[in-house]
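Survey of secondary and tertiary structure
What follows is each chain in one-letter form.
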Amino acid sequence: MGAGHPHVLYRESDSPVHRLPPEVKIAAMVAFTVAVVATPREAFWAFGAYALLVAVLAALARVSAGWLLTRSAIELPFVLFAFALPVLGAGERVDVAGMSLSVEGLYGAFNILAKGTLGVWASLLLAATTTTRDLIVGLDRLRCPQPVTQIATFMLRYLDVLVGEARRMRVARLSRGDDPRFLWQLGGFAAGIGALFLRAFERGERVYLAMLSRGYTGRMPAVGHGVGAATAGQWLLAATVPIVAGTVAATAALLT
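Below is a summary of the structure that appears in this document. The shown structure was predicted, so the numbers you read here are calculated from the model rather than taken from an experiment. Residue positions are given per chain, counted from 1 along the sequence in the order it is written. pLDDT decides what is reported in this predicted model: residues at 70 or higher carry local features, side-chain atom pairs at 80 or more are listed and counted, and totals for whole chains, interfaces and linings draw on all residues regardless. Values reported for side chains reflect all heavy atoms of the structure, with hydrogen atoms and water molecules removed beforehand.

1. Thoughts on the overall build of the protein
Broken down by element type, the protein carries 10 helices and 2 strands. Numbering of helices and strands starts at the N terminus; helices are DSSP runs of H or I of at least 4 residues and strands are runs of E of at least 2. In sequence order, the secondary structure elements of the protein are arranged as α-α-α-α-α-β-β-α-α-α-α-α. To sort residues, take the accessible area from a 1.4 Å probe on protein chains only and compare it with the maximum for the residue type: under 20% means buried, over 50% means exposed, and anything in between is partly exposed. Looking at the protein as a whole, 32% of its 256 residues are labelled buried. For the protein, long-range pairs separated by at least 24 residues make up 77% of all intrachain contacts whose partners lie at least 6 apart in sequence. To be clear on the numbers: accessible area is Shrake-Rupley with a 1.4 Å probe, and residue cover counts the displayed protein chains and nothing else. By element, 69% of the accessible surface of the protein is carried by carbon and sulfur atoms, the whole surface being about 15,500 Å². Residue contacts are counted whenever heavy atoms from the two residues lie within 4.5 Å of one another.

In structure tokens:
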């Protein structure tokens, strides 16, 4: 239970980015994202500078461009929405490849694509260089509310248990000849989801009572002041990313 709990996005490596404490990486990622969001959409050069900064970080973290692009498919729904904006947008229009497109819609589409993609890339780099347990440790060191970190901790610890329970229930259902694959068979699937929820709820109660009997008082043990907490030098090193991004955003705001 106390293991690192690597997740599917984590990339095992000994890069300089991997060695940074999780709290500085989280803070740097959030600050970088804020700078990107605050950048005027008309400053096209600024987004190119952000992409170059992400590329440098990916190289330092030994994360390939192909890996980033493949995992970026998570933003596909937003991409589809962005492509619809130039067609559905109102106001001044311009002809592009024989199509009448809204100027405001084109700016809006670029704004969504550029900022969304950069945000996804920053999040992927954080996930690729930080284990799930370290992410929670970092949030706790950043004074994230205890209920949030506790819920996340319990979710990670018992997610495999719930997945195993769901797998056993599916095997039991199949062994009894029930294989809901079609729309009219969703009743059995819904019943299975309800049964899994009840089992998870009852298991959670048992675990909670067991924790109370062992001295749990509503707070997890402090993890923010142990070995591995960030030093001032590591904070300064990680601060170079948001400082560069903030400088780019401020320059873009002044020039636009």
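2. A few points about helix α7 (residues 132-141)
Listed as buried for α7 are T132, I136, V137, G138, D140 and R141. Tucked inside the fold, the buried residues of α7 contact α2 (22-38) and α8 (146-175). Just past α7, the residue R143 takes up positive phi, approximately 65 degrees.

3. What to know about the side chain of T117
With respect to the secondary-structure elements, T117 resides in helix α6 (residues 103-129). At 2.6 Å, the side chain of T117 forms a polar contact with the backbone oxygen of L113. Think of a polar contact as two N or O atoms within 3.5 Å of one another; within protein, one of them needs to be a possible hydrogen donor and the other a possible acceptor, and neighboring residues in sequence only count if both atoms come from side chains.

4. Describing the nonpolar core
In this structure, F32, Y50, V63, L68 and L118 are the most contacted members of the largest nonpolar core, which totals 31 residues. Sorting the residues of this core by element identifies α2, α3 (44-61), α4 (65-71), α6 and α10 (232-255) as the ones contributing at least two each. Sorting elements by how many residues they give to this core places α6 first, with 9 residues. Once you skip the residues sitting within four places of it in the chain, L68 turns out to touch A58, V63, W121, L124 and L125. Only buried Ala, Val, Leu, Ile, Met, Phe, Trp, Tyr and Cys residues count toward a nonpolar core, and they belong to the same one when joined by side-chain atoms within 4.5 Å.

5. Describing a nonpolar patch on the surface
Exposure above 30% relative accessible area and no salt bridge define the residues that can form patches, which grow by joining like charges within 9 Å and nonpolar side chains of Val, Leu, Ile, Met, Phe, Trp and Tyr within 5 Å. Any carboxyl oxygen of Asp or Glu within 4 Å of a side-chain nitrogen of Lys or Arg constitutes a salt bridge here. Side chains of W45, L254 and L255 sit close together on the surface and give an oily, nonpolar patch of about 400 Å² of accessible area. On the basis of relative accessible area, W45 is assigned to the partly exposed category, the value being 42%.

6. Describing the environment of A35
Tracing the backbone through its elements, the reader meets A35 in helix α2. On the basis of relative accessible area, A35 is assigned to the buried category, the value being 9%. Residues A35 and A245 lie 210 residues apart in sequence; the distance between their C-alpha atoms is 5.9 Å. In contact with A35, not counting residues within four places along its chain, are Y50, A245, G246 and A249.

7. Notes on unusual backbone geometry
Outside of glycine, negative phi angles account for most residues, and trans bonds account for most peptide bonds. Unlike most non-glycine residues, R62 shows phi in positive territory, near 60 degrees. Of note, R143 is a non-glycine position whose phi angle comes to about 65 degrees, a positive value.

8. What about the pairing of strand β2 (residues 99-102)?
In this analysis, strands are considered paired if DSSP registers two or more bridges between them. Across 4 bridges, strand β1 (residues 93-96) lies against β2 in antiparallel orientation. Bridging across to β2, V96 finds its partner in M99.

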